[in-house]
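# Understanding the architecture of this molecule
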Amino acid sequence: MIDRRSFLTAGAAVSAAGILAACAKKNPAKSTGPDSSGSKQITLGFSQVGSESGWRAANTQSVKEAAKAAGINLKFSDAQQKQENQISAIRSYIAQKVDVISFSPVVVTGWDTVLKEAKAAGIPVILTDRSVETSDPSLYVTLVGSDFEIEGERAAHMLEKVLAGHKGPVKIAQLEGTTGAAPAIERAKGFGKIMHASHPEWTIIASQTGDFTRAGGKQVMAAFLQAHSDIDVLFSHNDDMAIGAIQSIQAAGKTPGTDIKIVSVDGVHDGFVAMSKGQINAIVECNPLLGPQLMDAVKTVHAGKGSTLPRWIKTKEGDYTADQAAAALPSRKY
Ligand code: GYE
């Protein structure tokens, strides 16, 4: 998988940066670290959700590369999709007295206690990728990430295009992302909003989580196909689950993209490859390359100017159909 390779490359680059920084410390006459401005280097503690998808691998690489480029000392940990691991990572960053904490919350609820601990320690928090539900907005400075509800609406509009000319009822199966995660909740909401407002002929006949993974998508789609012989459309909350589902659709003797139309979200390399083969009909892009915007926000917050930032720094993204996939593939960056 490209993801693993790029992940390892990024890991190697970060270790190399660590060695360079260590060398620089031993020889203070030369440099005090990657930050050449003369000011003290910023330490950022970052808790990543996990390694569940191609999107996540690209996001991790972007964060690591952007930290390096910005001269920020990055402490990185992978929570393997578990909230308790993220809470422990954040507590450890508080104990280490990092300058800024950032994390991509696996689910939306259950963060107030640890966020209050960060606030009490005077460490600002920047959310990235996914949002939290909190009654106290002062617990984080800003969110750098996408509008997932709009992505769900865009997916419904892409399905309208895919179904152009189709008459009669449309039976939809939905592969949801991780239960309780912002992108799963909001993509379902946005899609449902357009469906209820404009498409009485569409029905979601099956909907379950595949946890944003290929294995999950494959397994849940196999169960959907066993229970329902008449699925017209798969709406998958990410490309990896759609790619897993394609295997189950083929195993059931059906042609993905033809017998069952597929719309998914992300736009990772392997999603584009499946789309160029006509197996996925349309993809709503969700840009994972948040690193540079995040590092800019970290610097602003560290300079004490967090109040000048918007509460939500949104990412720019586009929509693609199968006929555009082959032409777009060479210029895709993830
Ligand atoms: O769509 C999915 C990943 O939070 C936007 O998480 C992210 C989602 C992305 O696992 O592939």
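Residues numbered from 1 in each chain as written. Predicted model: local features only at pLDDT ≥ 70, side-chain atom pairs only at ≥ 80, totals over all residues. Heavy atoms only, no water.

## With respect to the sheet that holds strand β12 (residues 319-321)
Read across the open sheet, the 6 strands follow the order β7-β6-β8-β9-β10-β12; overall the sheet is mixed. Looking at which strands have only one partner, the edges of the open sheet turn out to be β7 (202-209) and β12. Mean inter-strand twist for the sheet, computed between neighbouring axes without regard to direction, equals 15°. Sheet topology note: the strand β10 (residues 282-285)/β12 ladder contains 3 bridges and is antiparallel. Residue A282 lies in a different strand from β12, and its bridge partner there is T321. Against the sheet, helix α6 (residues 182-198) contacts β6 (170-176), β7, β8 (233-236) and β9 (261-266), and its axis sits at roughly 170° relative to β7. On top of the sheet, helix α7 (residues 214-227) reaches β6, β7 and β8; it is set at about 150° to β6, its chief contact. (Pairing = 2+ DSSP bridges. Helix = DSSP H or I, 4+ residues; strand = E, 2+ residues; numbered from the N terminus. Axes fitted to C-alpha atoms, helices over the stretch in contact; angles between N-to-C directions. Contact = heavy atoms within 4.5 Å.)

## A word on the site of the ligand
Near the ligand lie 13 residues; those nearest to it are E52, D129, R130, N238 and D266. Between the ligand and the protein, one listed contact pairs an oxygen atom with a side-chain N or O atom of S53 at 3.1 Å. In this structure, R187 approaches the ligand through a side-chain N or O atom, which is 2.8 Å from an oxygen atom. Contact with the protein chains hides 100% of the accessible area of the ligand, taken as 300 Å² for the molecule alone. Within the residue set of the shell around the ligand, elements represented by two or more residues are α2 (54-70) and α6. Its residues assigned to classes, the shell around the ligand comprises 5 nonpolar, 2 polar and 6 charged. (Near = heavy atom within 4 Å. Polar contact = N/O pair within 3.5 Å; in protein donor to acceptor, adjacent residues only side chain to side chain. Areas by Shrake-Rupley, 256 points an atom, 1.4 Å probe, with all protein chains shown as cover. Nonpolar A, V, L, I, M, F, W, Y, C, P; charged D, E, K, R; others polar.)

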